Amino acid sequence: MIDRTQEPFIRIRGLHKRLGWQEILRGIDLDVWRGETLCIIGPSGEGKTVTMKHVIGLMQPDAGIIRVDGIQVNGLRERELAPVRQRVSMLFQNAALFDSLTVERNVAFPLLEAGLRDKKEIKERVRDALEVVGLSKHGDKLPVNLSGGMRKRAGIARAIVTRAQCILYDEPTSSLDPVVSDVIDTVILRLQERHGITSLVVTHDMKSLFKIADRIAMLKDGLLRFLGTKEELRASEDPVVQDFINGRAEVDF
Amino acid sequence: MHTVTEVIRIPGRAFLHFISYMGQIAFLVRDLMIAFTNHVWRLNLVAQQIVSIGYGSQAVVIVTGAFTGAVFTFQTYAKFKDFGVESSVGAIVSVALCRELGPVLAGLMVGGRVGAAMAADIGTMKVTEQVDALRVMGVHPVDYLVLPRFIAMMISMPMLVAESISFGLLASYLVAVYGYGIPAPWFLSHMVDHTNQWDIVIGMIKGFVFGIIITLVACHQGLRAENGAVGVGIGTTRAVVISSLVMLIANFFLSILLNYIWPLGNNV
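The written sequence of each chain sets the order in which its residues are numbered from 1. The order in which chains are written sets their letters, starting at A; the order in which ligands are written sets their numbers, starting at 1. Only residues with pLDDT of at least 70 get local features here, since the model is predicted, and only at 80 or more are side-chain atom pairs given and counted; chain-wide, interface and lining totals rely on the full set of residues. Side-chain calculation: all heavy atoms of the structure are included, whereas hydrogens and water are not.

*Asks:* If you had to explain the overall build of chain A to someone new, which residues and values would you point to?
*Replies:* A run of H or I in DSSP becomes a helix once it reaches four residues, and a run of E becomes a strand once it reaches two; helices and strands are each numbered from the N terminus. A count of helices and strands for chain A gives nine helices and ten strands. The C-alpha atoms of chain A give a radius of gyration of 18 Å, which matches the 18 Å a tight globule of 253 residues would have. Across its three principal axes, chain A shows a C-alpha extent of roughly 55 × 40 × 40 Å. Exposed residues in this analysis have more than 50% of their type's maximum accessible area, buried residues have under 20%, and partly exposed residues fall in between, with area computed by a 1.4 Å probe over protein chains only. Expressed as a percentage of the 253 residues in chain A, the buried residues total 53%. Here, residues are in contact when the closest pair of their heavy atoms is within 4.5 Å. The long-range fraction of contacts in chain A, counting pairs at least 24 apart against all pairs at least 6 apart in sequence, stands at 65%. What sets the accessible areas is the Shrake-Rupley method with a 1.4 Å probe; for residues, cover comes only from the shown protein chains. With an accessible surface of roughly 11800 Å², chain A has 49% of that area assigned to carbon and sulfur atoms. Of the side-chain charges in chain A, 38 are positive and 36 negative, and the distance between the mean point of each set is 6 Å. Radius of gyration here uses only the C-alpha atoms, and the compact-globule reference equals 2.2 Å multiplied by the residue count raised to the power 0.38. We score Asp and Glu as negative and Lys and Arg as positive, and we do not count His or the chain ends. By convention, the point assigned to a charge is CZ for Arg, NZ for Lys, CD for Glu and CG for Asp.

Take a look at the structure:
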């Protein structure tokens, strides 16, 4: 259920970022409403992940404002970001599971670090999170023994176990087979429907995009090229947008 | 004109790199101090690191200490024999092992083994986004990755130095007494007479300082690793090279300072 009555959960205004000599973002304005799934698309290297990393304070902008659930993220020091990171969690492109910990211990990690000491509650919450992503039988495995799709699902379990209000997904279905991709999409949809989780998803997977997105933002040349619903995206007359979603390239050999 | 510019630019750039590096180390020390004041020790991680650093370095430190003591005795005996003071070999070997050879060689060996491992472990976590994952979960990387290694190193390093010295002295005794036939009481009495507790304290202090150097340099290289496996490799190499050089330079100044406080030669 998307809630447009309150301030957007994520509000980005005038986001500028330069990495080295390259100006990645040149003034992005974006809102993500509570309970909404917003997908960011665009060619590689256009700043999709960079935008996402600003939301959770992994990067600081050169200019602009980022607010998450009313908290201004930019300008906060690393140790001051805890309130934001209690509300928002993130699935990394390669899941970023800790190699030395089993799946169960990876999923329990954020609970233990948040100071939860009740072993029974930790066990229950880990079990629930693994159940949501269909990994109940693989809790005792090390990440190295998991397939790509299982690693992604374990990453999602770790992201949802803290009951964060918002999850950022960085290419959740990249390098996965179509069936596993569909499982991941279903998990994202289920989290939105059952728990009202706000999602910001960076993706190149058009099938996934049309399944999970409420709205879509396209970045091109450091600017927002398109922002709208799936229907508006399909109906867009912008040739850059159409070329991108249909996978067309103008290449002279 | 161009050459003059280059002459200024090259050392200038090196100087700026040095200042930048020292600044980064200073920030790491600041974060480490904050981590200390938070009183979250993660004792299980500290214990794991003590096993990895302390227990895992046993063979390296024992072999280094023993063979250093043995070869030093072998070389010293040959010269001391010319002066008819071969029974004093124990004294010179003992003082040299306690004050210099024990801590420096143990430091270099542990720096090579543990420093490389620290830089590679943390560097791999950095380039696979595991460090960012820690941050996203509200865990400061210095609290979780650096502090336990730092504490473990503080505990382990003086012990490893003591172990290195002990095995060096044992090897020296075996070579002198059983190899060259120096009477054991002579060897031991000279060794004990010319070695006092401050020689041992100096070795421990140096081990402690070298532990700090290894941890700071290695963790810093790990935390700034980028560009995948190549970056981790570069960081690991740099960790060993920089920590070794800094230890050798620091040892010189530490020797002067500690010798000023506890002068050599006031043992009898």
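So that's the structure; there's more coming.
*Asks:* Break down the sheet that holds strand S4 (residues 63–68) of chain A for me, with residues and values.
*Replies:* Residues and elements named next belong to chain A. In this description, strands pair whenever DSSP reports at least two bridges between them. Reading across from one edge, S2-S1-S4-S5 is the order of the four strands in this open sheet, with antiparallel pairing throughout. Pairing within the sheet leaves two strands with one partner each, and these edge strands are strand S2 (22–32) and strand S5 (71–72). Pairing between S4 and S5: two bridges, direction antiparallel. In the strand pairing of S5, arginine 67 is matched with glutamine 72. Only the contacting stretch of a helix is used when fitting its axis, a line to C-alpha atoms as for every element, and angles between N-to-C directions run 0 to 180 degrees. The strands that helix H1 (residues 48–55) touches are strand S1 (10–19), S2 and S4; relative to S1, the one it contacts most, it runs at about 120 degrees.

*Asks:* Explain the interface of chain B and chain A residue by residue, including any values.
*Replies:* The interface is formed by 20 residues belonging to chain B together with 21 residues belonging to chain A. Buried area is calculated as the accessible area (1.4 Å probe) missing from two parts once they are joined, with the contributions of both summed. The junction of chain B with chain A conceals about 1700 Å² of combined surface from both sides, 56% of it contributed by carbon and sulfur atoms. For the chain B face of the interface with chain A, the top three residues by lost area are B:Arg135, B:Val136 and B:Met137, together amounting to 37%. A side-chain nitrogen of Lys or Arg and a carboxyl oxygen of Asp or Glu constitute a salt bridge if their distance falls within 4 Å. For the pair chain B and chain A, the number of links is five salt bridges. The residue A:Glu113 makes a salt bridge to B:Arg42 at a minimum N-O spacing of 2.4 Å.

*Asks:* An account of the domain arrangement of chain B is requested, with residue identities and associated values reported.
*Replies:* Residues and elements named next belong to chain B. Those domain boundaries reflect an automatic or database domain assignment. Each assigned domain of chain B is listed here: domain 1 (1–38) and domain 2 (40–261). The C-alpha-based centres of domain 1 and domain 2 are spaced at 26 Å. At the junction of the two partners, domain 1 supplies ten residues and domain 2 supplies 16 residues. Between domain 1 and domain 2, a total of about 1200 Å² is buried, with carbon and sulfur atoms accounting for 74% of that surface. Three residues, Leu28, Leu32 and Phe36, lead the burial of domain 1 against domain 2; their summed loss comes to 44% of the area buried on that side. On the surface where domain 1 and domain 2 come into contact, there are zero salt bridges. Charged means Asp, Glu, Lys or Arg here, nonpolar means Ala, Val, Leu, Ile, Met, Phe, Trp, Tyr, Cys or Pro, and polar covers whatever is left, Gly included. Tallied by class, the residues present in the side of domain 1 that touches domain 2 amount to seven nonpolar, two polar and one charged.

*Asks:* Hey, could you go over the sheet that holds strand S9 (residues 215–220) of chain A for me, with residue numbers and the actual values?
*Replies:* Residue and element names in this part refer to chain A. Strand order in the open sheet made by the six strands is S6-S7-S8-S3-S9-S10, with mixed pairing throughout. Of all the strands in the sheet, just strand S6 (88–91) and strand S10 (223–228) have a single pairing partner and so form its edges. This sheet shows a mean twist of 15 degrees between the axes of neighbouring strands, independent of strand direction. As defined by bridge partners, strand S3 (residues 37–41) adjoins strand S8 (residues 198–202) across four bridges and the pair is classed as parallel. Looking at the pairing, isoleucine 40 lines up with valine 202 of S8.

*Asks:* Can you explain the environment of A:Thr229? Please cite residues and give values.
*Replies:* Residues and elements named next belong to chain A. Mapped onto the elements, threonine 229 comes out in the loop between S10 and helix H8 (230–235). On the basis of relative accessible area, threonine 229 is assigned to the partly exposed category, the value being 25%. For threonine 229 and leucine 38, which are 191 residues apart along the polypeptide, the C-alpha to C-alpha distance reads 9.3 Å. Excluding anything up to four places from it in sequence, threonine 229 contacts Asp214, Arg215 and Ile216.

*Asks:* Could you give an account of the pairing of S3(A), naming the residues involved and the relevant values?
*Replies:* Residues and elements named next belong to chain A. In terms of burial, S3 is largely enclosed, as five of its five residues are buried. Neither face of S3 is left uncovered, since the one carrying Thr37, Cys39 and Ile41 and the one carrying Leu38 and Ile40 both have all their residues buried. Pairing between S3 and S9: four bridges, direction parallel. Note that in S9 the partner of leucine 38 across the bridge is arginine 215.

*Asks:* Let's hear about unusual backbone geometry: which residues, and what values?
*Replies:* All names here are of chain B. The phi dihedral of histidine 39 falls on the positive side, at around 60 degrees, and the residue is not glycine. Residues other than glycine seldom take positive phi values, yet glutamate 129 does so here, at roughly 65 degrees. With respect to the element layout, glutamate 129 can be found in the loop between helix H4 (89–127) and helix H5 (130–136).

*Asks:* Could you give an account of the pattern of salt bridges, with specific residues and numbers?
*Replies:* One pass over the full model with this rule turns up 28 salt bridges over all chains. Where A:Arg13 meets A:Asp31, a salt bridge forms, and the shortest distance between an N and an O atom there is 3.0 Å. Here A:Arg13, found in strand S1, pairs with A:Asp31, found in strand S2; they are 18 residues apart in sequence, far enough to count as distant. One continuous salt-bridge network, built from bridges that share partners, spans A:Lys53, A:Glu78, A:Arg85, B:Glu129, B:Asp132 and B:Arg135.

*Asks:* Describe in detail the nonpolar core, supporting the description with residues and values.
*Replies:* What is meant by a nonpolar core is a set of buried Ala, Val, Leu, Ile, Met, Phe, Trp, Tyr and Cys residues, joined one to another through side-chain atoms within 4.5 Å. Among the nonpolar cores identified, the biggest contains 99 residues, and A:Ile10, A:Leu168 and A:Leu200 are the most heavily contacted of them. Broken down by element, this core gets its largest block of residues, 18 residues, from helix H6 (residues 141–179) of chain B. The contact partners of A:Leu200, leaving out residues within four places of it in the chain, are A:Ile10, A:Val32, A:Leu38, A:Ile40, A:Met52, A:Val55, A:Ile167, A:Leu168 and A:Tyr169. Judged by nonpolar contacts, the second largest core, of 46 residues, contains A:Ala95, A:Ile122, A:Ile160 and A:Ile212.

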